[in-house]
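Overview (structure and organization)
Spelled out from the first residue to the last, the chains are:
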Amino acid sequence: MKRFFPTLAGICLLCAAAAAQPQLGKDSIQQIVKAMTAEEKALLVVGANMDEGPWKGQILSGTGGITCALDKYGIPYTVMMDGPVGIRLYDYNTTCFPTGLLTAASWDKEAAYRIGEAIGEESIAMGNDVILAPGMNILRNPLNGRNFEYFAEDPVLTGLIAAAYINGVQSKGVGTSAKHFAANSQETNRLDGDSRLDTRTLREIYTKAFELCLRDSDPWTVMASYNYLNGEYTQESYDLLTKILRNDFGYKGLVVTDWTGKRNTPKQLHAGSDLFMGGSPKQTAHILESLENGSLKMEDLDRAATKVLELIVKTPSFKGNRPSLKIDMEAGAKTAREVAGDGMVLLKNDGALPASPAKTALFGVYSYDLIQGGNGAAWVNSPHVVSLAEGLQNAGFTLDGDLAELYKGYDAFITQDVKNNHKINVHVGVAQKPELEITRPLIERSAKDNDLAVITIGRISGEGRDRIMDREFLLQKNELALIEDVCKAYHAAGKKVVLVLNICSPVETASWKEKPDAILCAWLPGQEGGDAIADVLTGKVNPSGRLPMTFPNDYFDAEGAENFPYNFISDRANESVVHPERRGLPLKNIAYTDYSEGIYVGYRYFNTNNKAVSYPFGYGLSYTSFEYSSPSVKLRGNDIVASVTVTNTGSVAGREAVGLYISAPLGSFSDKPSVELKEFGKTRLLQPGESETLSFTVPVRQLASFNSAASRWETAKGGYRAYFGANALEPAAEAAFRIGSAKTYKVSRACEPAN
Ligand code: GLC
């Protein structure tokens, strides 16, 4: 093939042509968009093919997506990597941090910030520009497969922890993606399921978390979710993406679509979607066709192209960052271990904890194979995972060798069909392991040889599939038998039993929690989990976590529990697209899901209806005790300012999480939750006898309820009560205050139900 040798004149012409083009970073973005052709704009707003083009071979496997380079204007390609608990790469190790649920359980904005910072640093090392995190959907139901990577059943705890995480990442010059906007609270049929909820519910719960997150942080991107919302795809919803997100919340950043190409591209652009990920040539072509046939206005495409360029100029890649591929694993491990200890929740302690190093019988497959995190976009290829066995040994415990051998030979015990059966339900990551049966004689023998028994119960879940109530929320027969037999044998020998929950989301606890002497909820604590659990069990770390989600007595106790695919048993690993009508499946909870509970999610339902639960939202024990004093709430301009003093009245140092709950008069509403969390904080480590005063500022607007008919927020006139403490059912202090006149806050037309 004749090769082209550019003449000097030719090179000069090319340089002159290139030089004539406006350059990103030198010329204004407006000038560049003006100079771009429609084809170039269409390329820029659609994710590029990572396996083709000048970047081929440079993109690390596991990367979520890249934006297209346009050298002509000095526009580099930029990189977006998953995920919330660490960077997900298949060929490189990165730190697996504690999952979102644990971070929220810390009730510690500083902890969330630290994880964000650490992921920001690792992003720079790996050449990442935007981490596709935080996942911040509301935990509507304990069976959602992605609960582990999200934060809480409450929008304030969710939104403010998310904001702290975002600020941490972005403090390193790396972007984030607040996801998935909005009402994406189940994995079954997530690409085409219709979340049906009224406007008050949408505003007070499902977009409220994003509203508060955007008030306290400025994520470079917001990710529009897959699902329908009241009959309209969120990615195509002008009401949601422009009227609410941009006009009401004042969001100025970029909206990136979650990874589907099967939407109406011009409708998405008009709605406010700016960047189409993962991206396909069909979408680029569809944009150009739509311009041709007039169904897409150039101004919508120009807006999107502008947003993409505004994002690119902020990125490390644009600023010349090149991946070193060297991560400070020690620093990551230190952060992971410390935050993990900060978010574990002590549910029960009848004197078994803190425990000194002892001869210990360790039961449960997950004692030897800790679940560090969940599956899918949030999966992380960590350098190691510290099991509880290792963590206890590192802390000086002597483990029962026979038991350890038995569990380590575990795979030899489970049959192939069990392995196969459990393999299918995995999108990316690992399958749930069935528990190993241990005979009573062996348990009784171990009770003679050991001083302490520790049992781990594990649950894993992930993207693309929800959990099944009777298999995954309920404990299985062999798990219940293990707890029963071990407790019986050890109690007969006058010894204690500690149970550790290594879980992705709440499980049933009421039927068995009386048996063990202590219960620690360790969640999915990241790669250093075993050491972090040992830190708490030995008292090196005084547990200070508080539940971010209610543990109900029975799955069906929650309002709306039947409006979830709780018994949808699938033969597929990834149930993103189900087509119930083609597969003869019910439409309810698959083709559509009614959020029939409305705003009464979690404690809003249980507390308001005085419904008993196993462990309430905000519950958690400590090895010390605290007393509250001088609670005060004052109106100051458009804010309420509250404060309370917390004193450590126990014998060991500890931290106390404090929630500020408000009970409001009904005003023009027929119903309101009995209390709602409006702010929270956490003391520093208080030595015995030490005190700290925590202060909270809450805009009066945040005390409002949403009047859908009038499309406005309304704060009622009258007497309010403020409750201080993480567990709203047992407030440690309270104070009354009044709001002298009703206030209203008009918003642009809300996202009214399409039907
Ligand atoms: C997935 C997830 C999203 C993730 C993206 C890129 O489908 O829903 O959370 O960031 O695709 O992997």
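Now for a look at the structure at hand.

Here's the deal with the site of the ligand
In the vicinity of the ligand, the contacting residues are Asp82, Leu132, Arg146, Lys179, His180, Arg190, Met223, Tyr226, Asp258, Trp259, Ala377 and Glu463. The side chain of Tyr226 places a nitrogen or oxygen atom 2.5 Å from an oxygen atom of the ligand. Measuring from an oxygen atom of the ligand, one finds a side-chain N or O atom of Glu463 at 3.0 Å. Surface burial for the ligand is 93%, taken as the share of its 310 Å² of free accessible area covered by protein chains.

Things to note about the nonpolar core
Leu309, Phe363, Leu501 and Trp523 are the most contacted members of the largest nonpolar core, which totals 192 residues. With 9 residues, helix H6 (residues 155–170) is the single largest residue contributor to this core. Not counting residues within four places of it along the chain, the set of residues in contact with Leu501 comprises Leu347, Ile457, Val507, Thr509, Trp512, Ile519, Leu520, Cys521, Ala522, Trp523 and Phe551. Counting residues in each nonpolar core, the second largest holds 29 residues, with Val646, Ile662, Phe737 and Ile739 among its members.

Examining unusual backbone geometry
Apart from glycine, the bulk of residues carry a negative phi angle, and the bulk of peptide bonds sit in the trans form. Omega for the peptide link from Asp82 to Gly83 comes to -5°, which places this bond in the cis form. Within the secondary structure, Gly83 is located in the loop between strand E2 (78–81) and helix H4 (100–105). Put simply, Met277 and Gly278 share a cis peptide bond, and its omega is -10°. Along the chain, Gly278 turns up in the loop between helix H10 (265–271) and helix H11 (281–293). Unlike most non-glycine residues, Trp523 shows phi in positive territory, near 55°. As for its placement among the helices and strands, Trp523 is situated in the loop between strand E15 (518–521) and helix H21 (529–537).

What about the packing of helix H5 (residues 109–125) against helix H13 (residues 329–343)?
Their axes nearest at 10 Å, the elements H5 and H13 cross at an angle of 160°. The pairing of H5 with H13 is recorded here as roughly antiparallel in orientation. Considering how the two elements wind past one another, H5 and H13 form a crossing that is left-handed. Across from Ala111, Arg114, Ile115, Ala118 and Glu122 in H5, the residues of H13 making contact are Gly332, Thr335, Glu338, Val339 and Asp342. When grouped by side-chain class, the residues that make up the contact of H5 with H13 number 4 nonpolar, 2 polar and 4 charged.

Here is what the cut-offs are and how they apply
Residues numbered from 1 in each chain as written. Predicted model: local features only at pLDDT ≥ 70, side-chain atom pairs only at ≥ 80, totals over all residues. Heavy atoms only, no water. Near = heavy atom within 4 Å. Polar contact = N/O pair within 3.5 Å; in protein donor to acceptor, adjacent residues only side chain to side chain. Areas by Shrake-Rupley, 256 points an atom, 1.4 Å probe, with all protein chains shown as cover. Core = buried A, V, L, I, M, F, W, Y, C linked by side-chain atoms within 4.5 Å. Buried < 20%, exposed > 50% of the residue type's maximum accessible area, 1.4 Å probe, protein only. Helix = DSSP H or I, 4+ residues; strand = E, 2+ residues; numbered from the N terminus. Contact = heavy atoms within 4.5 Å. Axes fitted to C-alpha atoms, helices over the stretch in contact; angles between N-to-C directions. Parallel < 35°, antiparallel > 145°, perpendicular 65-115°, else oblique. Left-handed = near helix turned anticlockwise from the far one by under 90°. Nonpolar A, V, L, I, M, F, W, Y, C, P; charged D, E, K, R; others polar.

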